[in-house]
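# Structural characterization, general
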Amino acid sequence: MLNSSVAQAVIDRGLFLGADFVDLFVENQKITEVELLSSKIEKINSGIDFGVGIRMVVGRSVLYGYTNHTAQEELLRVISLIAAQLDDKGEKRSTQFTKQNLADRHPVQHPLSASSNIDSKVDFLKRMDVSARAEHNHIQQFIGRVLQREQAVEIFNSDGLHAQDVRHYCRIAATAVAEDSGLQSSGYVAPGALQGWEFNTGHDAADLAQQAAKQALIKLHADDCPSGEMPVVIGNGFGGVIFHEACGHLLETTSVEKKASVFHDKMGEMIANPVVSAVDDGLLENAWGSINIDDEGMPTKRTQLIKDGKLTSFMVDRVGAMKTGFEATGSGRRQSYKFAPASRMRNTFIEAGDSNLDEMLASVEHGIYAKKMGGGSVQPGTGEFNFNVQEGYLIKNGKIAGPLKSATLISTGPKVLKEISMVGSDLELAAGMCGSVSGAVPTTVGQPALKVDKILVGGQS
């Protein structure tokens, strides 16, 4: 996408102007989105975004700028503006690139660049709409959405790196709304993968819609959730959002390097119950948060964050490695060329254990089964969180007693890690979007079902 002689001239100019390190991030992104609302196609959007991000690292500082043009004079203008505040000039030297030949771990069959497959996507959404509304006459609204994105990236840096990758993202979202006698509730499912439109062949339109509809119907006449400290069994899959938000972000060097994480000085120490092991794995084939290379051009890898309760690694980008001394883990990520990269999660999950859901439920006399988690809020640094339970049930004398509504889980990430006493074998992953200092990036959360011995539950009874 960018002539290497132009990249060389820009990087050499940055070094001459005083940078210790310079890299260019070239991106060409295509997007198509189809949305159905009220049984009609509400919108079909498509677009292309192209740009070049320029980063200069000077000592421990990062300077960043971007442009939508690839002409050499424009890129030299931008890097001169970025460097305008520098007093010291560096030495002129020439950068020789070595192009990396990396294997594509995530092959696709139907990329967006070959066809947008609009008719097929419209048909899929209409079948979801019919199935959701057929589930019960209390389903009053259904919203379906298909998003497909193709992101081509090219990276050059002053160490001589030249790397390229093309990432294919596809996600299907279903939201059902149930209403009865003035009561309203909703259900939501949204699987995603690093795939082309062939992703739809692994999902049945009727099944996805029915999952969303059943969630909404179960909650419609559910009892109010009790409140207070009690044991909670958290279901597999999207239940991992708590680990992601309340613990995962604290293990990124973005917060560790500023000592803003409670874990910044805990390497090698026990930070969780010994039954807990967790990883951030960028290698999983076609998983939503996987990548071949990170946005700094480093091949991705599997990073063991916690092993048997002990902190074993952080997620480290280039600047994080420089500031903390920990080895980079291929975790530099960004939303687009408009953001400088930062250490970010990929596919982050608690690994499978040897318990099962029935054993966990049987061990609880009075508590909550949070089968599906929803969104929430987290206090950066401390990991204090407040998450909604999307689908929850009362546990009474070791058995599920009935559905609940308006449940929230309140605690801190570090505290919950030590309160996990049982981890199931039913590991499941779920797609999501993670927002942080370098924008919103696709990430996978996940976990098996697990039991937290004591956590504060917010309810209405």
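In what follows, the accompanying structure is described. (Residues numbered from 1 in each chain as written. Predicted model: local features only at pLDDT ≥ 70, side-chain atom pairs only at ≥ 80, totals over all residues. Heavy atoms only, no water.)

## With respect to the overall build of the protein chain
- For the protein chain, the count of helices and strands is nine helices and 24 strands.
- Radius of gyration (C-alpha) of the protein chain: 24 Å, near the 23 Å computed for a compact globule of 461 residues.
- For the C-alpha atoms alone, the extent of the protein chain along its principal axes is close to 75 × 55 × 35 Å.
- Looking at the protein chain residue by residue over its 461 residues, the buried ones come to 56%.
- In the form shown here, the protein chain has an accessible surface area of approximately 18,800 Å², with 47% of it arising from carbon and sulfur atoms. (Helix = DSSP H or I, 4+ residues; strand = E, 2+ residues; numbered from the N terminus. Rg over C-alpha atoms; globule rule 2.2 N^0.38 Å. Buried < 20%, exposed > 50% of the residue type's maximum accessible area, 1.4 Å probe, protein only. Areas by Shrake-Rupley, 256 points an atom, 1.4 Å probe, with all protein chains shown as cover.)

## Details of the pairing of strand 1 (residues 21–37)
- The buried count for strand 1 comes to 14 of 17 residues, which makes it a mostly enclosed element.
- One ladder, built from 17 bridges, connects strand 1 with strand 2 (residues 40–58); its direction is antiparallel. Residue pairing in the sheet places K30 in a bridge with I48 of strand 2.
- The loop that links strand 1 with its antiparallel partner strand 2 comprises two residues; one of these, S38, has a positive phi angle of about 55 degrees. (Pairing = 2+ DSSP bridges.)

## Here's the deal with the pattern of salt bridges
- Here the structure, examined in full by the defined rule, presents 18 salt bridges.
- Across the salt bridge formed by R127 and D123, the nearest N and O atoms sit 3.0 Å from each other. Placement of both R127 and D123 in helix 3 (residues 118–135) is noted, with a separation of four residues, approximately one turn of the helix.
- Judged by its relative accessible area of 40%, R127 falls in the partly exposed class.
- Each of E33, E35, K43 and R145 takes part in a single network of salt bridges with overlapping partners. (Salt bridge = Lys/Arg side-chain N within 4 Å of Asp/Glu carboxyl O.)

## Here's the deal with the packing of helix 1 (residues 4–16) against helix 2 (residues 72–82)
- At a minimum axis distance of 10 Å, the contact between helix 1 and helix 2 shows a crossing angle of 20 degrees. By the angle between their directions, the pair helix 1 and helix 2 is classed as roughly parallel. Crossing handedness for the pair helix 1 and helix 2: right-handed. Each of V6, A9, V10, R13 and G14 in helix 1 lies in contact with helix 2, whose residues at this interface are Q72, L75, L76, I79 and S80.
- Partitioned by chemical class, the residues of the contact of helix 1 with helix 2 number six nonpolar, three polar and one charged. (Axes fitted to C-alpha atoms, helices over the stretch in contact; angles between N-to-C directions. Parallel < 35°, antiparallel > 145°, perpendicular 65-115°, else oblique. Left-handed = near helix turned anticlockwise from the far one by under 90°. Contact = heavy atoms within 4.5 Å. Nonpolar A, V, L, I, M, F, W, Y, C, P; charged D, E, K, R; others polar.)

## What to know about the sheet that holds strand 23 (residues 439–447)
- The six strands lie next to each other as 13-12-11-16-23-22, forming an open sheet whose pairing is mixed. Two strands in the sheet have a free side with no partner beyond their single neighbour: strand 13 (310–311) and strand 22 (428–436).
- In terms of strand pairing, strand 12 (residues 302–307) meets strand 13 through two bridges, oriented antiparallel. Paired with K307 across the bridge in strand 13 is K310.

## Side note on the side chain of Q215
- You can see Q215 is positioned in helix 4 (residues 205–220).
- By relative accessible area, which is 4% here, Q215 ends up buried.
- Within the structure, Q215 has its side chain in polar contact with the backbone nitrogen of Y188 (distance 3.2 Å).
- Contacts of Q215, omitting those with residues within four sequence positions, involve S186, G187, Y188, V189, K372, Q390 and E391. (Polar contact = N/O pair within 3.5 Å; in protein donor to acceptor, adjacent residues only side chain to side chain.)

## Some remarks on helix 3
- Here helix 3 is 18 residues long and its end C-alpha atoms lie 26 Å apart, about the 26 Å a rise of 1.5 Å per residue gives.
- Considered for burial, the residues of helix 3 that qualify are K121, V122, F124, L125, M128, D129, S131 and A132. (Expected span 1.5 Å × (residues − 1).)

## Let's talk about the environment of R171
- Secondary-structure assignment places R171 in strand 6 (residues 161–180).
- Counting along the chain gives 138 residues from R171 to E33, while the straight-line C-alpha distance between them is 9.7 Å.
- If sequence neighbours within four positions are ignored, R171 has contacts with R145, V146, L147, Y188, A190, P191, G192, F199, W288, A431, G432 and M433.
- From its side chain, R171 meets the backbone oxygen of A190 in a polar contact 3.1 Å long.
- Among the polar contacts made by the side chain of R171, one reaches the main-chain carbonyl oxygen of A431 at a distance of 3.0 Å.

## As for the packing of helix 3 against helix 4
- The interhelical angle for the contact between helix 3 and helix 4, taken along N-to-C directions, is 40 degrees, at an axis separation of 8 Å. With respect to their mutual orientation, helix 3 and helix 4 come out oblique. For the pair helix 3 and helix 4, the sense of crossing is right-handed. Packed against helix 3, whose contacting residues are F124, R127, M128, S131, A132 and E135, the element helix 4 presents A205, A206, L208, A209, Q210, A213, K214 and L217 at the interface.
- Residues belonging to the contact of helix 3 with helix 4 are distributed by class as follows: nine nonpolar, two polar and three charged.

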